[in-house]
Structure formats: structure tokens, C-alpha cells
Amino acid sequence: MDTLSHGLWGGAVFGQKDHQWKWAFLWGMCPDLFSFGPFFLTHFPAILERWRHHQFGHPDHRMIPSYVYQAYHVTHSLVTWAVLMTLAVLIYRRRAWPMAAWGLHILCDIPTHSTRFFPTPYLWPFETPYYDGIPWARKSFMVGNYLAILGTYLALLGYRKWKTRIPATLPSVR
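Residues numbered from 1 in each chain as written. Predicted model: local features only at pLDDT ≥ 70, side-chain atom pairs only at ≥ 80, totals over all residues. Heavy atoms only, no water.

Engineer: Sorry if this is basic, but what is going on with the nonpolar core here?
Structural biologist: Proteins that are soluble and globular tend to have nonpolar side chains buried together. Counting 13 residues, the largest nonpolar core has F14, W81, M85, M99, A100, W102 and I106 as its most contacted members. Of all elements in the fold, only α5 (78-92) and α6 (100-112) reach the threshold of two or more residues within this core. Top element by residues in this core is α6. It accounts for five residues. Once residues within four sequence positions are removed from consideration, M99 is found in contact with W27, W81, L84, M85 and A88. (Core = buried A, V, L, I, M, F, W, Y, C linked by side-chain atoms within 4.5 Å. Buried < 20%, exposed > 50% of the residue type's maximum accessible area, 1.4 Å probe, protein only. Helix = DSSP H or I, 4+ residues; strand = E, 2+ residues; numbered from the N terminus. Contact = heavy atoms within 4.5 Å.)

Engineer: Can you help me understand helix α2 (residues 21-42) in this one?
Structural biologist: Structural remark: α-helix, 3.6 residues per turn; residues separated by three or four positions point the same way. Its 22 residues place the ends of α2 29 Å apart at the C-alpha level, agreeing with the 32 Å of an ideal helix rising 1.5 Å per residue. Where α2 bends most, the angle comes to about 50°, and this point is F36, followed within four residues by the proline P38. On the buried face of α2, the contacting elements are α1 (3-14), α3 (44-52), α4 (66-75) and α6. (Expected span 1.5 Å × (residues − 1). Bend = angle between axes of the 7 residues up to and from the residue.)

Engineer: Any chance you could explain the packing of aromatic side chains here in plain terms?
Structural biologist: If you walk through the whole model with that rule in mind, you get eleven aromatic pairs. Seen from their ring centres, F34 and W102 are 6.5 Å apart, and the 75° between their planes marks the pair as edge-to-face. With F34 in helix α2 and W102 in helix α6, this residue pair connects regions lying 68 residues apart in the sequence. Taking the relative accessible area as the measure of exposure, W102 reaches 4% and is therefore buried. Measuring from centroid to centroid gives 5.9 Å for Y159 and W162, while their planes differ by 35°, and the two rings are tilted. Remark: W162 and Y159 occur in helix α7 (residues 139-163); sequence separation between them is three residues, near one turn of the helix. Residue class for W162 comes out exposed when judged on its relative accessible area of 52%. (Phe/Tyr/Trp six-rings, centres within 6.5 Å; stacked < 30°, edge-to-face > 60°.)

Engineer: Looking at this structure, I do not really get a nonpolar patch on the surface. What am I missing?
Structural biologist: Together, V83, L84, L87, L90, I91 and Y92 make up a nonpolar patch on the protein surface, roughly 580 Å² of accessible area in all. Mapped onto the secondary structure, V83 falls in helix α5. (Patch = residues over 30% accessible without salt bridge, like charges linked within 9 Å, V, L, I, M, F, W, Y side chains within 5 Å. Areas by Shrake-Rupley, 256 points an atom, 1.4 Å probe, with all protein chains shown as cover. Salt bridge = Lys/Arg side-chain N within 4 Å of Asp/Glu carboxyl O.)

Engineer: Is there a simple way to think about the packing of α2 against α3 in this case?
Structural biologist: Two measures define how a pair of helices packs: the angle their axes make with one another and the distance between the axes. Between α2 and α3, the least distance of the axes is 5 Å, while the angle of their chain directions is 85°. In terms of axis orientation, α2 runs roughly perpendicular to α3. Only F44, I47 and W51 of α3 make contact with α2, whose side of the interface consists of F39, F40, L41 and T42. Grouping the amino acids of the contact of α2 with α3 by side-chain chemistry returns six nonpolar, one polar and no charged. (Axes fitted to C-alpha atoms, helices over the stretch in contact; angles between N-to-C directions. Parallel < 35°, antiparallel > 145°, perpendicular 65-115°, else oblique. Nonpolar A, V, L, I, M, F, W, Y, C, P; charged D, E, K, R; others polar.)

Engineer: How should the side chain of Q20 be read in this particular structure?
Structural biologist: With respect to the helices and strands, the residue Q20 is situated in the loop between α1 and α2. For Q20, the residues in contact, after removing those within four places along its chain, are G15, R94, R95, W97 and P98.

Engineer: Is there a simple way to explain α5 in this structure?
Structural biologist: For α5, which comprises 15 residues, the first-to-last C-alpha distance of 20 Å matches the rise-based estimate of 21 Å (1.5 Å per residue) to within 8%. Among the residues of α5, those classed as buried are T80, W81, M85 and A88. Buried residues of α5, viewed axially, fall in a sector of 120°; they line one side. Contacts from the buried residues of α5 go to α4 and α6. A distance of 3.1 Å separates the backbone nitrogen of V79 from a side-chain oxygen at the start of α5, and that oxygen is part of S77. Just downstream of α5 lies R93, where phi reads positive at about 55°. (Arc of directions from axis to C-beta. Polar contact = N/O pair within 3.5 Å; in protein donor to acceptor, adjacent residues only side chain to side chain.)

Rendered as C-alpha cells:
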């Protein structure tokens, strides 16, 4: 799944309490930001050049430095997330709730990554049986995913409006 989608799903699922949407949104994107972010920033001109020539597919594996793969293993591991989430809950209690969006990110990546390009190492540092999922970059998947996100946010908006509606007053019984 693309990074923005992860943030939007994280915000929808774990950001509805106590105005924590922005934190759930950020935590939902963190695995990708922490693993791909430095590479993206340091190679931005080359990436823009690829996009300018309509080269949106996977880059050559040799172009990606090994630190990206190592960071990807750490940030896309349910084991890593569980340890960090446990520490956050012990320290911050309920305020750690938006960090659960990181775990949702990993769970969403398992069926939406193929084994050919960055399969999700969800059990790292233990051996992980990779799942050959539906690549998220397929147009049909992207359209369906963003329609589901839109539907989810519209449903949340409708629920909030319904919940804050002033109930009709009932006649008092004497």
C-alpha cells in the first residue's frame, strides 16, 4: 500500500479518540518514512527524472542502498512494533493508542506486497514466510483502496454528525 494510504487508514482506525488523528496518521506512515525517507531525500533529483520520463515502476534493486533494506526489515516487523508499542503503553498509557497505526501499516503491507519487490518481513528478526500479495501499485487496487478510504471517512463524518445530534425532548410523565 502507498504511504499516504497507510496514514489515512491509520488516522481513520486509530485517530478518532481525543483528537489524535494527526498522530495516528503520522504513525501509520512511519514504517515507510523511516525506511525509504532518507533514500528519497538523498536521491530526489534522480527520482524526479524517472517520473519526468514516466518511469513509475520498480527501480533496479541495485540502485537501492543496503541501509534501505535493513531499515525496511526493522520498521516492517510486527516484532519490532510490538516491543515499541509495549514500551509506549507502559510509558504513555492511553496516549500511545495512535502508535497502533504502525502495526496496521505492517498488516496491510503483508497482502499488498509481492515477493518480487520489498516483501513484508513481518516476523523479523525471525525467519518470515513471505506472502506473494497483490501489488498495491495496480491501478484497480489503488482506485478501490482510495474509494474505500473515502467511504470510511464519509461514514465517520456521518457517524459524528449523528452522534452530536440533539435528541428530541420527550414529554415529562407525572
